[in-house]
Amino acid sequence: MYDYDLLVVGSANADLVIDVERRPAAGETVLGSDLAVHPGGKGANQAVAAARLGARTALLARVGDDAYGRLLLDSQRAAGVDTTGVLVGGAPTGVALITVDPSGDNSIVVSPGANGRLTPADVRAAVGLFRTSRVVSAQLEIPLETVVEVVRNLAPGSRFVLNPSPPRPLPAEVLAACDPLIVNEHEAKVILGEDCGGEEPEDWARTLLAKGPKSVVVTLGSAGALVASSEGVARIASVRVDAVDTTGAGDSFTAALAWRLGTGSILAEAAAHAARVGAVAVTRRGAQESFPTAQEVEALCRADPGDDPRTPCRGSDSVPEDARRGDSL
(Lines give C-alpha, C1' and ligand atoms only; values in the text may rest on other atoms or scores of the structure.)
Protein backbone atom coordinates (compact mmCIF):
# COMPACT_ATOMS: atom_id res chain seq x y z
CA MET A 1 0.00 0.00 0.00
CA TYR A 2 1.41 3.38 -1.01
CA ASP A 3 0.99 6.42 1.23
CA TYR A 4 1.85 8.79 -1.65
CA ASP A 5 0.87 8.85 -5.29
CA LEU A 6 3.89 11.05 -6.04
CA LEU A 7 7.12 11.96 -4.28
CA VAL A 8 8.84 14.97 -5.84
CA VAL A 9 12.56 15.37 -5.16
CA GLY A 10 13.82 18.73 -6.32
CA SER A 11 14.15 22.46 -6.02
CA ALA A 12 12.15 25.08 -4.15
CA ASN A 13 12.74 28.71 -5.16
CA ALA A 14 11.26 32.12 -4.69
CA ASP A 15 10.31 33.39 -8.16
CA LEU A 16 11.05 37.08 -8.65
CA VAL A 17 9.02 38.06 -11.72
CA ILE A 18 9.09 41.20 -13.88
CA ASP A 19 6.98 41.78 -17.00
CA VAL A 20 8.90 43.41 -19.85
CA GLU A 21 7.97 44.71 -23.29
CA ARG A 22 10.96 42.80 -24.64
CA ARG A 23 13.88 40.95 -23.18
CA PRO A 24 17.13 42.96 -23.10
CA ALA A 25 20.01 42.33 -25.47
CA ALA A 26 23.56 42.05 -24.15
CA GLY A 27 24.56 45.27 -22.40
CA GLU A 28 21.05 46.71 -22.65
CA THR A 29 18.73 47.90 -19.88
CA VAL A 30 14.94 47.79 -20.24
CA LEU A 31 12.23 48.93 -17.85
CA GLY A 32 9.71 46.45 -16.52
CA SER A 33 6.73 46.13 -14.23
CA ASP A 34 6.74 46.13 -10.44
CA LEU A 35 8.49 43.12 -8.97
CA ALA A 36 6.21 40.22 -8.00
CA VAL A 37 7.39 37.45 -5.65
CA HIS A 38 5.87 33.98 -5.98
CA PRO A 39 6.68 30.50 -4.62
CA GLY A 40 8.38 28.44 -7.32
CA GLY A 41 11.19 26.04 -8.20
CA LYS A 42 10.64 23.00 -10.38
CA GLY A 43 10.33 20.57 -7.49
CA ALA A 44 7.97 22.73 -5.46
CA ASN A 45 5.96 23.56 -8.58
CA GLN A 46 5.48 19.91 -9.48
CA ALA A 47 4.41 19.02 -5.96
CA VAL A 48 1.78 21.78 -5.85
CA ALA A 49 0.54 20.96 -9.36
CA ALA A 50 0.03 17.29 -8.48
CA ALA A 51 -1.64 18.03 -5.15
CA ARG A 52 -4.04 20.48 -6.80
CA LEU A 53 -5.12 17.68 -9.14
CA GLY A 54 -5.86 15.42 -6.20
CA ALA A 55 -2.67 13.39 -5.91
CA ARG A 56 -1.34 12.41 -2.49
CA THR A 57 1.97 14.23 -2.77
CA ALA A 58 5.16 14.63 -0.75
CA LEU A 59 8.15 16.90 -1.39
CA LEU A 60 11.82 16.25 -0.56
CA ALA A 61 13.67 19.56 -0.87
CA ARG A 62 15.74 22.10 1.05
CA VAL A 63 14.94 25.76 1.76
CA GLY A 64 16.66 28.46 3.78
CA ASP A 65 15.65 29.59 7.24
CA ASP A 66 14.35 32.87 5.86
CA ALA A 67 11.22 34.62 4.62
CA TYR A 68 11.37 32.96 1.19
CA GLY A 69 11.65 29.55 2.83
CA ARG A 70 8.58 30.24 4.94
CA LEU A 71 6.72 31.41 1.82
CA LEU A 72 7.52 28.12 0.10
CA LEU A 73 6.51 25.95 3.05
CA ASP A 74 3.24 27.83 3.41
CA SER A 75 2.41 27.38 -0.29
CA GLN A 76 3.11 23.62 -0.14
CA ARG A 77 0.94 23.11 2.92
CA ALA A 78 -1.87 25.22 1.49
CA ALA A 79 -1.94 22.95 -1.58
CA GLY A 80 -2.05 19.83 0.59
CA VAL A 81 1.54 18.67 0.03
CA ASP A 82 3.21 16.66 2.82
CA THR A 83 6.29 18.71 3.78
CA THR A 84 7.83 16.14 6.13
CA GLY A 85 10.75 15.85 3.70
CA VAL A 86 11.42 19.59 3.35
CA LEU A 87 14.68 20.41 5.13
CA VAL A 88 15.39 23.90 6.44
CA GLY A 89 18.75 25.66 6.65
CA GLY A 90 22.26 25.31 5.28
CA ALA A 91 22.01 28.22 2.84
CA PRO A 92 19.56 30.94 1.77
CA THR A 93 16.48 29.82 -0.15
CA GLY A 94 17.04 29.55 -3.90
CA VAL A 95 15.84 32.40 -6.11
CA ALA A 96 14.72 32.47 -9.75
CA LEU A 97 14.85 35.76 -11.66
CA ILE A 98 12.14 35.66 -14.35
CA THR A 99 11.24 38.07 -17.15
CA VAL A 100 8.00 37.59 -19.03
CA ASP A 101 7.33 39.24 -22.41
CA PRO A 102 3.90 40.20 -23.83
CA SER A 103 3.59 36.88 -25.69
CA GLY A 104 3.87 34.97 -22.40
CA ASP A 105 7.35 33.60 -23.10
CA ASN A 106 9.83 33.77 -20.24
CA SER A 107 13.55 33.79 -19.53
CA ILE A 108 14.82 32.46 -16.20
CA VAL A 109 18.07 32.69 -14.24
CA VAL A 110 18.29 30.55 -11.09
CA SER A 111 20.46 31.07 -8.02
CA PRO A 112 20.35 27.58 -6.44
CA GLY A 113 20.95 28.56 -2.81
CA ALA A 114 19.72 25.81 -0.50
CA ASN A 115 18.82 23.62 -3.48
CA GLY A 116 22.52 23.04 -4.04
CA ARG A 117 22.78 21.66 -0.48
CA LEU A 118 20.25 18.86 -0.99
CA THR A 119 22.68 15.97 -0.71
CA PRO A 120 22.75 12.22 -1.33
CA ALA A 121 22.79 11.81 2.45
CA ASP A 122 19.47 13.70 2.61
CA VAL A 123 18.03 11.21 0.13
CA ARG A 124 19.24 8.22 2.11
CA ALA A 125 17.76 9.72 5.29
CA ALA A 126 14.37 9.97 3.58
CA VAL A 127 14.20 6.30 2.60
CA GLY A 128 10.81 6.00 4.30
CA LEU A 129 9.31 8.42 1.77
CA PHE A 130 10.70 6.40 -1.13
CA ARG A 131 9.33 3.12 0.22
CA THR A 132 5.80 4.53 0.39
CA SER A 133 5.66 6.42 -2.96
CA ARG A 134 4.18 4.97 -6.12
CA VAL A 135 5.98 7.42 -8.47
CA VAL A 136 9.10 9.52 -7.85
CA SER A 137 9.81 12.63 -9.93
CA ALA A 138 13.02 14.68 -10.11
CA GLN A 139 14.64 17.52 -12.04
CA LEU A 140 18.17 18.92 -12.30
CA GLU A 141 17.92 22.10 -10.21
CA ILE A 142 19.50 20.01 -7.45
CA PRO A 143 22.96 18.34 -7.62
CA LEU A 144 23.25 15.53 -10.15
CA GLU A 145 24.80 13.24 -7.54
CA THR A 146 21.62 13.68 -5.50
CA VAL A 147 19.50 12.57 -8.47
CA VAL A 148 21.77 9.53 -8.87
CA GLU A 149 21.10 8.70 -5.21
CA VAL A 150 17.36 9.05 -5.83
CA VAL A 151 17.61 6.37 -8.51
CA ARG A 152 19.53 4.10 -6.16
CA ASN A 153 16.86 4.42 -3.46
CA LEU A 154 13.76 3.77 -5.56
CA ALA A 155 11.46 1.17 -4.02
CA PRO A 156 10.78 -2.02 -5.99
CA GLY A 157 7.82 -1.42 -8.28
CA SER A 158 7.93 2.38 -8.12
CA ARG A 159 8.30 4.48 -11.26
CA PHE A 160 10.89 7.22 -11.88
CA VAL A 161 10.11 10.33 -13.93
CA LEU A 162 12.86 12.82 -14.80
CA ASN A 163 12.70 16.26 -16.39
CA PRO A 164 16.40 17.06 -16.98
CA SER A 165 16.11 20.83 -16.60
CA PRO A 166 18.46 22.63 -16.72
CA PRO A 167 19.84 20.04 -19.14
CA ARG A 168 23.21 18.33 -18.91
CA PRO A 169 24.64 14.97 -19.98
CA LEU A 170 23.22 12.18 -17.83
CA PRO A 171 24.92 9.03 -16.53
CA ALA A 172 23.69 5.71 -17.90
CA GLU A 173 22.41 4.71 -14.45
CA VAL A 174 19.98 7.63 -14.40
CA LEU A 175 18.90 7.26 -18.03
CA ALA A 176 18.11 3.57 -17.51
CA ALA A 177 15.75 4.38 -14.63
CA CYS A 178 13.68 6.99 -16.51
CA ASP A 179 10.12 5.96 -17.34
CA PRO A 180 9.72 8.47 -18.87
CA LEU A 181 12.47 10.98 -19.54
CA ILE A 182 10.59 14.25 -20.26
CA VAL A 183 12.41 16.82 -22.41
CA ASN A 184 11.66 19.85 -24.54
CA GLU A 185 13.49 20.52 -27.80
CA HIS A 186 16.40 22.34 -26.13
CA GLU A 187 16.84 19.71 -23.43
CA ALA A 188 16.73 16.88 -25.98
CA LYS A 189 19.49 18.47 -28.06
CA VAL A 190 21.74 19.09 -25.04
CA ILE A 191 21.43 15.48 -23.85
CA LEU A 192 21.93 14.10 -27.36
CA GLY A 193 24.81 16.42 -28.23
CA GLU A 194 25.95 15.79 -31.78
CA ASP A 195 24.01 12.53 -31.88
CA CYS A 196 20.56 14.02 -32.60
CA GLY A 197 19.77 11.36 -35.17
CA GLY A 198 17.73 13.69 -37.39
CA GLU A 199 15.77 16.93 -37.51
CA GLU A 200 12.34 15.72 -36.36
CA PRO A 201 11.16 15.16 -32.76
CA GLU A 202 10.48 11.52 -33.63
CA ASP A 203 14.17 11.17 -34.48
CA TRP A 204 15.23 12.71 -31.16
CA ALA A 205 12.87 10.46 -29.23
CA ARG A 206 14.15 7.29 -30.88
CA THR A 207 17.77 8.30 -30.34
CA LEU A 208 17.08 9.12 -26.69
CA LEU A 209 15.42 5.73 -26.23
CA ALA A 210 18.54 4.07 -27.57
CA LYS A 211 20.48 5.67 -24.71
CA GLY A 212 18.56 3.66 -22.11
CA PRO A 213 15.28 5.22 -20.88
CA LYS A 214 12.25 2.93 -20.79
CA SER A 215 10.18 5.73 -22.35
CA VAL A 216 10.55 9.30 -23.57
CA VAL A 217 8.23 12.31 -23.81
CA VAL A 218 9.20 15.29 -25.96
CA THR A 219 7.15 18.42 -25.25
CA LEU A 220 6.62 20.65 -28.28
CA GLY A 221 4.92 23.75 -26.91
CA SER A 222 1.93 24.79 -28.97
CA ALA A 223 2.51 21.73 -31.20
CA GLY A 224 1.67 19.37 -28.35
CA ALA A 225 3.92 16.50 -27.36
CA LEU A 226 5.37 13.23 -28.57
CA VAL A 227 5.56 9.99 -26.59
CA ALA A 228 7.81 7.06 -27.35
CA SER A 229 8.75 3.65 -25.95
CA SER A 230 9.65 0.22 -27.29
CA GLU A 231 6.00 -0.06 -28.36
CA GLY A 232 6.21 2.85 -30.79
CA VAL A 233 5.84 6.61 -31.17
CA ALA A 234 2.72 8.79 -31.09
CA ARG A 235 1.92 12.49 -31.29
CA ILE A 236 -0.32 14.14 -28.67
CA ALA A 237 -2.14 17.24 -29.90
CA SER A 238 -2.13 20.46 -27.92
CA VAL A 239 -5.18 22.26 -26.56
CA ARG A 240 -5.62 25.65 -28.22
CA VAL A 241 -5.72 28.48 -25.67
CA ASP A 242 -4.57 32.10 -25.46
CA ALA A 243 -1.30 31.93 -23.52
CA VAL A 244 -0.66 34.64 -20.95
CA ASP A 245 2.40 33.28 -19.13
CA THR A 246 4.24 30.01 -19.76
CA THR A 247 6.07 30.06 -16.40
CA GLY A 248 5.61 26.69 -14.73
CA ALA A 249 3.71 25.12 -17.64
CA GLY A 250 6.30 22.38 -18.08
CA ASP A 251 6.20 21.63 -14.37
CA SER A 252 2.42 21.26 -14.39
CA PHE A 253 2.68 18.96 -17.42
CA THR A 254 5.28 16.76 -15.74
CA ALA A 255 3.35 16.55 -12.48
CA ALA A 256 0.09 15.65 -14.19
CA LEU A 257 1.78 13.03 -16.35
CA ALA A 258 3.61 11.45 -13.40
CA TRP A 259 0.45 11.25 -11.34
CA ARG A 260 -1.62 9.72 -14.12
CA LEU A 261 1.05 7.10 -14.79
CA GLY A 262 0.79 6.10 -11.15
CA THR A 263 -2.96 5.60 -11.51
CA GLY A 264 -2.36 3.07 -14.28
CA SER A 265 -2.80 5.21 -17.41
CA ILE A 266 -0.70 4.29 -20.42
CA LEU A 267 1.89 6.87 -21.42
CA ALA A 268 -0.13 8.45 -24.25
CA GLU A 269 -3.21 8.81 -22.04
CA ALA A 270 -1.14 10.38 -19.27
CA ALA A 271 0.49 12.82 -21.71
CA ALA A 272 -2.89 13.79 -23.15
CA HIS A 273 -4.18 14.58 -19.68
CA ALA A 274 -0.99 16.51 -18.93
CA ALA A 275 -1.56 18.60 -22.06
CA ARG A 276 -4.94 19.65 -20.66
CA VAL A 277 -3.36 20.69 -17.37
CA GLY A 278 -0.59 22.66 -19.07
CA ALA A 279 -3.14 24.41 -21.29
CA VAL A 280 -5.01 25.76 -18.28
CA ALA A 281 -1.78 26.83 -16.58
CA VAL A 282 -0.60 29.05 -19.45
CA THR A 283 -3.84 31.07 -19.40
CA ARG A 284 -2.91 32.46 -15.97
CA ARG A 285 0.03 34.43 -14.62
CA GLY A 286 2.64 32.96 -12.33
CA ALA A 287 3.68 29.40 -11.66
CA GLN A 288 2.02 27.73 -8.68
CA GLU A 289 -0.96 30.08 -8.62
CA SER A 290 -1.68 29.14 -12.24
CA PHE A 291 -1.98 25.39 -11.60
CA PRO A 292 -5.54 24.08 -11.99
CA THR A 293 -7.67 21.72 -9.99
CA ALA A 294 -9.10 18.63 -11.66
CA GLN A 295 -12.45 20.40 -11.93
CA GLU A 296 -10.89 23.36 -13.75
CA VAL A 297 -9.21 21.05 -16.24
CA GLU A 298 -12.51 19.37 -17.01
CA ALA A 299 -14.18 22.78 -17.42
CA LEU A 300 -11.68 23.65 -20.15
CA CYS A 301 -12.50 20.44 -21.96
CA ARG A 302 -16.23 21.05 -21.78
CA ALA A 303 -15.73 24.57 -23.15
CA ASP A 304 -13.54 23.47 -26.09
CA PRO A 305 -13.68 19.73 -26.83
CA GLY A 306 -11.59 20.20 -29.98
CA ASP A 307 -11.94 18.87 -33.51
CA ASP A 308 -8.80 16.79 -33.82
CA PRO A 309 -9.46 13.22 -32.63
CA ARG A 310 -6.15 13.35 -30.79
CA THR A 311 -6.99 16.53 -28.91
CA PRO A 312 -6.76 15.78 -25.18
CA CYS A 313 -10.21 17.20 -24.47
CA ARG A 314 -11.98 14.39 -26.27
CA GLY A 315 -13.02 11.22 -24.49
CA SER A 316 -10.61 8.90 -22.69
CA ASP A 317 -7.88 11.54 -22.91
CA SER A 318 -8.09 11.37 -26.72
CA VAL A 319 -5.39 8.81 -27.33
CA PRO A 320 -5.12 7.93 -31.03
CA GLU A 321 -6.97 4.76 -31.91
CA ASP A 322 -3.77 3.00 -32.98
CA ALA A 323 -2.36 3.70 -29.52
CA ARG A 324 -5.45 2.20 -27.90
CA ARG A 325 -5.02 -0.95 -29.95
CA GLY A 326 -1.43 -1.23 -28.75
CA ASP A 327 0.18 -0.56 -32.15
CA SER A 328 1.95 2.47 -30.72
CA LEU A 329 1.89 4.71 -27.72
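See above for the structure.
Residues numbered from 1 in each chain as written. Predicted model: local features only at pLDDT ≥ 70, side-chain atom pairs only at ≥ 80, totals over all residues. Heavy atoms only, no water.

Undergrad: Even after reading the chapter, I still don't get the nonpolar core, so can you show me in this structure?
TA: What tends to happen in soluble globular proteins is that the nonpolar side chains get buried as a cluster. Counting residues in each nonpolar core, the largest one holds 45 residues, and the members touching the most others are Leu59, Val217, Val227, Ile236, Phe253 and Leu257. Broken down by secondary-structure element, the contributors of at least two residues to this core are β1 (4–9), α1 (42–53), β4 (57–63), α2 (67–79), β12 (225–229), β13 (232–236), α9 (249–262) and α10 (267–281). Ranked by size, the runner-up nonpolar core spans 40 residues in total, among them Val9, Leu60, Ala205 and Leu226. (Core = buried A, V, L, I, M, F, W, Y, C linked by side-chain atoms within 4.5 Å. Buried < 20%, exposed > 50% of the residue type's maximum accessible area, 1.4 Å probe, protein only. Helix = DSSP H or I, 4+ residues; strand = E, 2+ residues; numbered from the N terminus.)

Undergrad: Help me out: how do you make sense of the sheet that holds β13 in this one?
TA: Hydrogen bonding along the main chain pairs the strands of a sheet, whether they run parallel or antiparallel. Pairing within the open sheet is mixed, and its nine strands lie in the order β5-β4-β1-β8-β9-β10-β11-β12-β13. A strand with exactly one partner marks an edge of an open sheet, and here the two such strands are β5 (86–88) and β13. Within this sheet the neighbouring strands show an average axis-to-axis angle of 15°, counted without direction. Note: strand β10 (residues 178–184) against strand β11 (residues 215–219), four bridges, orientation parallel. The residue of β11 that forms the bridge with leucine 181 is valine 216. (Pairing = 2+ DSSP bridges. Axes fitted to C-alpha atoms, helices over the stretch in contact; angles between N-to-C directions.)

Undergrad: Mind showing me how you'd approach the pairing of β13 here?
TA: Side-chain direction in a regular strand flips from residue to residue, so the side chains alternate between the two faces of the sheet. Of the two faces of β13, the one holding Gly232, Ala234 and Ile236 is buried and the one holding Val233 and Arg235 is not buried anywhere. Across five bridges, the pairing between β12 and β13 is antiparallel. Within β13, the residue paired with alanine 225 across the bridge is isoleucine 236. Counting the residues between successive antiparallel strands, the hairpin from β12 to β13 contains two residues.

Undergrad: Before we go on, may I ask you to explain the pairing of strand β7 (residues 106–111) in this structure?
TA: Note that strand β6 (residues 94–100) and β7 share six bridges and pair antiparallel. Residue valine 95 lies in a different strand from β7, and its bridge partner there is serine 111. The antiparallel pairing of β6 with β7 creates a hairpin that spans five residues between the two strands, and glycine 104 there sits at a positive phi of about 95°.

Undergrad: What should I look at first to understand the sheet that holds β6 in this one?
TA: Pairing in this open sheet of four strands is mixed, and the strands run β3-β2-β6-β7 from one edge to the other. Looking at which strands have only one partner, the edges of the open sheet turn out to be β3 (36–40) and β7. Direction aside, neighbouring strands of the sheet carry axes that sit 25° apart on average. Strand direction decides the pairing type here: strand β2 (residues 13–19) and β3, joined by five bridges, are antiparallel. Residue pairing across strands places asparagine 13 opposite glycine 40, the latter belonging to β3. Against the sheet, α2 makes contact with β2, β3 and β6, and its axis sits at roughly 60° relative to β3, the strand it touches most. (Contact = heavy atoms within 4.5 Å.)

Undergrad: Help me out: how do you make sense of unusual backbone geometry in this one?
TA: It is generally the case that most residues other than glycine have a negative phi and that most peptide bonds are trans. Look at the link from serine 165 to proline 166: it is a cis peptide, with omega at -5°. Secondary-structure assignment places proline 166 in the loop between β9 (159–163) and α6 (172–177). For the bond running from aspartate 179 to proline 180, omega is 15°, close enough to zero to count as cis. By the element assignment, proline 180 lies in strand β10.

Undergrad: Would you explain the packing of helix α7 (residues 185–192) against helix α8 (residues 201–210) in this entry?
TA: Think of two packed helices as two axes; the pair is described by the angle between the axes and how far apart they sit. As a packed pair, α7 and α8 sit with axes 11 Å apart at the nearest point and diverge in direction by 45°. Between α7 and α8, the interaxial angle falls into the category oblique. Between α7 and α8 lies a crossing of left-handed hand. Two secondary-structure elements touch here, α7 through Glu185, Ala188, Lys189, Ile191 and Leu192 and α8 through Trp204, Thr207 and Leu208. Per-class residue counts for the contact of α7 with α8 are five nonpolar, one polar and two charged. (Parallel < 35°, antiparallel > 145°, perpendicular 65-115°, else oblique. Left-handed = near helix turned anticlockwise from the far one by under 90°. Nonpolar A, V, L, I, M, F, W, Y, C, P; charged D, E, K, R; others polar.)

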